[in-house]
Amino acid sequence: MRPFLLEGGSVSQMPVAEGKSVQQTVELLTRKLEMLGAEKQGTFCVDCETYHTASSTLGSQGQAGKLMYVMHNSEYPLSCFALFENGPCLIADTNFDVLMVKLKGFFQSAKASKIETRGTRYQYCDFLVKVGTVTMGPSARGISVEVEYGPCVVPSDCWSLLLEFLQSFLGSHTPGAPAVFGNRHDAVYGPADTVVQYMELFNKIRKQQQVPVAGIR
Amino acid sequence: MADVLSVGVNLEAFAQAISAIQALRSSVSRVFDCLKDGMRNKETLEGREKAFIAHFQDNLQSVNRDLNELERLSNLVGKPSENHPLHNSGLLSLDPVQDKTPLYSQLLQAYKWSNKLQYHAGLASGLLNQQSLKRSANQMGVSAKRRPKAQPTTLVLPPQYVDDVISRIDRMFPEMSIHLSRPNGTSAMLLVTLGKVLKVIVVMRSLFIDRTIVKGYNENVYTEDGKLDIWSKSNYQVFQKVTDHATTALLHYQLPQMPDVVVRSFMTWLRSYIKLFQAPCQRCGKFLQDGLPPTWRDFRTLEAFHDTCRQ
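Just so it is clear, the model here is predicted, and its values are computed rather than measured.

Student: Got a minute to help me understand the overall build of chain A in this structure?
Tutor: Broken down by element type, chain A carries 5 helices and 10 strands. When each of the 217 residues of chain A is scored for burial, the buried share is 48%. Look at the contacts in chain A between residues 6 or more apart in sequence, and 62% of them connect residues 24 or more apart. Only carbon and sulfur atoms are counted for the fraction: they give 55% of the accessible area of chain A, which is about 10500 Å².

Student: I keep staring at the sheet that holds strand 3 (residues 198-205) of chain B and nothing clicks. Help me out?
Tutor: Two strands in a sheet stick together by hydrogen bonds in their backbones, pointing the same way (parallel) or opposite ways (antiparallel). Residue and element names in this part refer to chain B. Reading across the sheet, the 4 strands line up as 1-2-3-4 and stay open at both edges, with antiparallel pairing between neighbours. Single-partner strands in this sheet number two, and they are strand 1 (176-181) and strand 4 (208-216). The average angle at which neighbouring strand axes cross in this sheet is 20°, direction not considered. Where strand 2 (residues 189-194) and strand 3 come together, 6 bridges link them in antiparallel fashion.

Student: When you look at the nonpolar core in this model, what are you seeing that I'm missing?
Tutor: Where a protein is soluble and globular, its nonpolar side chains tend to be buried together. Ranked by internal contacts, the top residues of the largest apolar core, which has 68 residues, are Phe169 of chain A together with Phe266 and Met267 of chain B. Ranked by residue count, the leading element in this core is helix 3 (residues 159-170) of chain A, at 7 residues. For phenylalanine 266 of chain B, the residues in contact, after removing those within four places along its chain, are Ile209, Thr212, Ala246, Ala249, Leu250 and Tyr253 of chain B. Ile115, Tyr198, Met199 and Leu201 of chain A belong to the second-largest nonpolar core, a separate cluster that totals 16 residues.

Student: Explain the pattern of salt bridges to me, please; I cannot follow it from the model alone.
Tutor: Should their charged atoms come close, side chains of opposite charge can pair. Residue and element names in this part refer to chain B. All told, the structure shown has 10 salt bridges over all chains when counted by the stated rule. Notably, a salt bridge pairs aspartate 163 with arginine 182, separated by 3.0 Å at the nearest N-O pair. On the criterion of sequence distance, the pair formed by aspartate 163 in helix 6 (residues 159-172) and arginine 182 in the loop between strand 1 and strand 2 is long-range, its members being 19 residues apart. When its relative accessible area of 26% is taken as the criterion, aspartate 163 is described as partly exposed.

Student: Honestly, the interface of chain B and chain A in this entry has me stumped. Any pointers?
Tutor: Bring the parts together and some accessible area is lost; that lost area is often taken as the interface size. Residue-level contacts link 16 residues of chain B with 18 residues of chain A. Taking both partners together, chain B and chain A bury about 1500 Å²; carbon and sulfur atoms supply 62% of that area. In terms of surface lost to chain A, no three residues of chain B exceed Lys196, Phe277 and Leu288 of chain B, which account for 39% of the buried area on that side. On inspection of chain B and its partner chain A, the count reaches 0 salt bridges. Taken together, the links from chain B to chain A amount to 4 residue pairs in polar contact (both at pLDDT 80 or more).

Student: Any chance you could explain helix 3 (residues 45-77) of chain B here in plain terms?
Tutor: Three- or four-residue spacings in an α-helix give side chains the same orientation, since the helix completes a turn every 3.6 residues. Residues and elements named next belong to chain B. When the terminal C-alpha atoms of helix 3 are compared, their 48 Å separation across 33 residues agrees well with the 48 Å that a helix rising 1.5 Å per residue should span. What helix 3 keeps buried is the set Asn59, Ser62, Val63, Asp66, Leu70, Leu73 and Val77. On its buried face, helix 3 is in contact with helix 2 (11-37).

Student: I keep staring at the packing of helix 1 (residues 22-36) of chain A against helix 3 of chain A and nothing clicks. Help me out?
Tutor: Two quantities define a packed helix pair, namely the angle between the axes and the distance from one axis to the other. Residues and elements named next belong to chain A. Where helix 1 meets helix 3, the axes come as close as 9 Å, and the angle between the chain directions of the two elements is 115°. Between helix 1 and helix 3, the crossing angle belongs to the class labelled roughly perpendicular. Contact residues: Leu29, Lys32, Leu33 and Leu36 in helix 1; Phe165, Ser168, Phe169 and Leu170 in helix 3. Across the contact of helix 1 with helix 3, the residue classes tally to 6 nonpolar, 1 polar and 1 charged.

Student: Even after reading the chapter, I still don't get the side chain of threonine 194 of chain A, so can you show me in this structure?
Tutor: Here threonine 194 of chain A lies in helix 5 (residues 191-207). Those residues within four positions of threonine 194 of chain A in sequence are excluded, and the remaining contacts are Asn73, Glu146 and Tyr189 of chain A.

Student: Would you explain the side chain of threonine 295 of chain B in this entry?
Tutor: Residue and element names in this part refer to chain B. Inspection of the secondary structure puts threonine 295 in the loop between helix 8 (259-271) and strand 5 (296-297). Threonine 295 sits in the buried class, given a relative accessible area of 1%. If sequence neighbours within four positions are ignored, threonine 295 has contacts with Val238, Lys241, Val242, His245, Tyr273, Leu276, Phe305, His306 and Asp307.

Student: Before we go on, may I ask you to explain the packing of helix 2 of chain B against helix 3 of chain B in this structure?
Tutor: All names here are of chain B. Where helix 2 contacts helix 3, the two axes come as close as 8 Å, and the packing angle between them is 160°. Considering their axes alone, helix 2 and helix 3 lie roughly antiparallel with respect to each other. Considering the relative orientation of helix 2 and helix 3, their crossing is left-handed. Across the contact of helix 2 with helix 3, the residue classes tally to 20 nonpolar, 5 polar and 3 charged.

Student: Help me out: how do you make sense of a nonpolar patch on the surface in this one?
Tutor: Residues and elements named next belong to chain B. A cluster of nonpolar side chains, Leu11, Phe14 and Ile18, forms an exposed patch at the surface whose accessible area comes to about 290 Å². On the secondary structure map, phenylalanine 14 appears in helix 2. For phenylalanine 14, a relative accessible area of 41% gives the class partly exposed.

Student: Honestly, the environment of threonine 135 of chain A in this entry has me stumped. Any pointers?
Tutor: When you line up the elements, threonine 135 of chain A lands in strand 9 (residues 127-136). What threonine 135 of chain A contacts, discounting residues up to four positions off in sequence, is Lys114, Ile115, Glu116, Ala140 and Arg141 of chain A.

Student: Can you walk me through the packing of aromatic side chains in this structure?
Tutor: Within a pair of aromatic rings, the relevant descriptors are the distance that separates the centres and the angle that separates the planes. Residues and elements named next belong to chain B. Enumeration over the complete set of coordinates arrives at 15 aromatic pairs over all chains. With a centroid separation of 6.3 Å and an interplanar angle of 65°, the aromatic rings of tyrosine 236 and phenylalanine 239 are classed as edge-to-face. Assigned by exposure class, tyrosine 236 and phenylalanine 239 land together as buried. Between tryptophan 296 and phenylalanine 299, the aromatic rings sit 5.1 Å apart at their centres with planes inclined by 65°, giving edge-to-face as the arrangement.

Parameters and conventions
- Residues numbered from 1 in each chain as written.
- Chains lettered and ligands numbered in written order.
- Predicted model: local features only at pLDDT ≥ 70, side-chain atom pairs only at ≥ 80, totals over all residues.
- Heavy atoms only, no water.
- Helix = DSSP H or I, 4+ residues; strand = E, 2+ residues; numbered from the N terminus.
- Buried < 20%, exposed > 50% of the residue type's maximum accessible area, 1.4 Å probe, protein only.
- Contact = heavy atoms within 4.5 Å.
- Areas by Shrake-Rupley, 256 points an atom, 1.4 Å probe, with all protein chains shown as cover.
- Pairing = 2+ DSSP bridges.
- Axes fitted to C-alpha atoms, helices over the stretch in contact; angles between N-to-C directions.
- Core = buried A, V, L, I, M, F, W, Y, C linked by side-chain atoms within 4.5 Å.
- Salt bridge = Lys/Arg side-chain N within 4 Å of Asp/Glu carboxyl O.
- Buried area = accessible area lost by both parts, 1.4 Å probe.
- Polar contact = N/O pair within 3.5 Å; in protein donor to acceptor, adjacent residues only side chain to side chain.
- Expected span 1.5 Å × (residues − 1).
- Parallel < 35°, antiparallel > 145°, perpendicular 65-115°, else oblique.
- Nonpolar A, V, L, I, M, F, W, Y, C, P; charged D, E, K, R; others polar.
- Left-handed = near helix turned anticlockwise from the far one by under 90°.
- Patch = residues over 30% accessible without salt bridge, like charges linked within 9 Å, V, L, I, M, F, W, Y side chains within 5 Å.
- Phe/Tyr/Trp six-rings, centres within 6.5 Å; stacked < 30°, edge-to-face > 60°.

Have a look at this one:
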């Protein structure tokens, strides 16, 4: 099992301890957080559905259909995010889901593509930590950890601060600097950036579909 | 309480007089006992008469002695003074039902307490006056007669002058922008935006800084009517901490005669917060302490410290 790390700024992989299942690793992380002094504050859920452009709209050149992801984040319950892989991200309200039904002719839902992560939210000082289990259908595929530092809006400013916080409860599994920071130095971080990172994370997990799902390695 | 009442009364003589009365009573009763007993049984009539008379005389003499003693003592005791030095409160003390209406004892306690309070307050004000906290240019200890009728000049500055000073400071630092408004009368309210890190609301009284509130860059600083919200605190603990530090700073930078220098130093100090999330603590080298970044900026060197790490 490979849990994945995602925070206000980065996506990366990290290996899990030998002989532990997904649930046990999640419990380990939550216990470490609670020992640090974090308070539990409810649950969270991020889910993602994939759509691809319907074959009827593809041009005669036979260009490949683009994949569109429609995502929801419980942190923004009244919004719906629609994004392409390297393209723009649209933030709409929840009626967008209904709109997608009407656009059935143009975008078709990929089969069994729904992937989601669910877990608990923790608050530690100004940090918001979400530890969730990534599931695709009935099976658990990995762990997502999201850390958000509220007061700072420019991600490149507080990366070192975030890193130090991650080290305090992840130990040696802390990831490297994220690639997203390089592009936009001073741009203000927004909810769209979080959702983009979740999408990349889910894609990574999906690509690992071939790995047999085993409880204990 | 007893010594308050005994003005003019000699207590010892009083006690002695009471025992003298008891002695007198006993000697008088001995006289009557002797008379009642009559003559004792003796051999001759003369002997009996003599013994009786001698006994009777002894008793009368002891009565005389005791009476003289009592008279002497009663002269010593003296009179309780006629006037009531306690006036109406003394009349309260004559109330015999002490457990139901302990008015007099409570009155005395309240009086003693207020005396002590006055004494301690006098001591405290003497100590506090040694450390002057007034930031205006008023002179201390000037009596009411000699105090000038007009207010000190630094408190009544024309608003145009205040505007000029603030706009000059605004141009001083590129990453800090100051917006001045006067929604409530003549006191200026500044909204200082420092890069993309934080926003500070500064409430002023002519050129003196009165209060500051520090909020995050993404937090709302306006109320629902669109006015500047000068009361609500930030939602983030780090900015609540910085607000406390800013209040300490505005009390630290004091120069009653030159308030514009004070405002300039305060803004220079505030500007050091541009690296709030990037600078590690100079003492421990880490970024986080209890979940907070180094929020303290030294007043002279502008170095970053954690609140618990500062010297």
